[in-house]
Amino acid sequence: MTVNVAMGRPVRRTAVAARRPWILVGSLLALAVVCTLVSLTIGATRIPFSDVLTALSGRRTTDGAEVVLDFQLPRVLLCWVVGIGLAVSGGVMQGVVRNPLAAPDIIGVTKGAGFAGMLLVLTLPGASVALVPPAAFAGGVAGAGLVYLFAYRRGVSPVRLALVGIAVSATFEAGIRYLLVKYPLDVNASLIWLTGSLFGRSMDTVWMAVPWIAVLVPTVLVMARRLDVLGLGDDLATGLGEPVERTRRNLLLLGVALASVCVAVAGTITFVGLIAPHIARRLVGGRHVVLLSAAAMIGVLLMLLADTVGRGLAPPLEIPAGVVTAVIGGPYFLYLLVKLGK
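Chemist: So what about the pattern of salt bridges? Which residues, and what values?
Modeler: With the rule as written, the count across this model stands at eleven salt bridges. The residue Glu 245 makes a salt bridge to Arg 248 at a minimum N-O spacing of 3.0 Å. Highlighted residues: Glu 245 and Arg 248, both in helix 12 (residues 244-266), separated by three residues, approximately one helical turn. In this structure, Arg 311 engages Asp 307 in a salt bridge whose closest nitrogen and oxygen atoms are separated by 3.1 Å. With Arg 311 and Asp 307 both in helix 14 (residues 288-312), this residue pair falls four residues apart, about one helical turn. Classification of Arg 311 as buried rests on a relative accessible area of 4%.

Spelled out as structure tokens, the structure:
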């Protein structure tokens, strides 16, 4: 069975997804919960599952429970927050632009947000951490605006969008490197942040991001029907009474805000916003309220996989989650470029 998606391509769904897509979303949620419990047991040293259960009950009666509550749990919760935020952001951008390569890290949002966040932290070290998400949002908007300014030629082709996005991201990357040279005393912490690591994050970081995600994601889901209408094309959407430009602008701002918050708390983690919506679209089709919900759970699974592999592959050394997602997402991005370039 096939359905039409926003990009105008038919996507084949499984029989279960065609009849009961929410069953598949619920299964992804259950799998994410199981992976969360497994992830809590993996670190520099293995933690018994009994200690994990003790920690989740709120007791600190063992050393393992202390480690879980102080170190493991904040990281795992950030995997949920960042995975949901990046995946929904990518799904919104792909739906609004009707372009399969429109993801936060591809169209300059991630690097723009990273540059703005670093600029604030390094030049104003006494600034409140609560100012980092708004600064990252401003940088993300600037990055996305530059990409579309240079990529638009009577429309935006997927390949041109990707190439201009890479160029704009490289420009922001150059700015980031300049800041690292200018402020060498903070280079270690900055490099960890730039690679997209959850190392050393605390519950304070989690609580800084949760309010943004709790407001932005439901807002996007409420507007999901409008994404479906935009997918019909501008002329038909206008004929149905949809204010196309205003809706597109509002949805893009929501997508940029989601990605920027994730960059503010976890650094520049790449490709989650590109991969998760693609997988979700193949599983549940193109109706955005279901697609975005499935993408959110797939984003969580990708983040849990990346962080768990990074912690457990070569302990006590740790591989940043952003490096793992880049290893997974890079080949997938090349595959999409080749496929769309034909």
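Now, onward.
Chemist: Outline the packing of aromatic side chains, supporting the account with residue identities and numerical values.
Modeler: Across all of its chains, the model carries three aromatic pairs by this definition. Judged by centre distance (6.1 Å) and plane angle (45°), the rings of Phe 271 and Phe 333 are tilted. Taken together, the positions of Phe 271 in the loop between helix 12 and helix 13 (272-284) and Phe 333 in helix 15 (residues 321-341) put the pair 62 residues apart, joining distant regions of the chain. Phe 333 carries the same exposure label as Phe 271, and that label is buried. Seen in terms of ring centroids, Tyr 332 and Tyr 335 are 6.0 Å apart; in terms of plane orientation they differ by 45°. Their pairing is tilted. Taken together, the positions of Tyr 332 and Tyr 335, both in helix 15 and three residues apart, correspond to about one turn of that helix. With relative accessibility at 22%, the residue Tyr 332 sits in the partly exposed group.

The rules behind each value
- Residues numbered from 1 in each chain as written.
- Predicted model: local features only at pLDDT ≥ 70, side-chain atom pairs only at ≥ 80, totals over all residues.
- Heavy atoms only, no water.
- Salt bridge = Lys/Arg side-chain N within 4 Å of Asp/Glu carboxyl O.
- Helix = DSSP H or I, 4+ residues; strand = E, 2+ residues; numbered from the N terminus.
- Buried < 20%, exposed > 50% of the residue type's maximum accessible area, 1.4 Å probe, protein only.
- Phe/Tyr/Trp six-rings, centres within 6.5 Å; stacked < 30°, edge-to-face > 60°.

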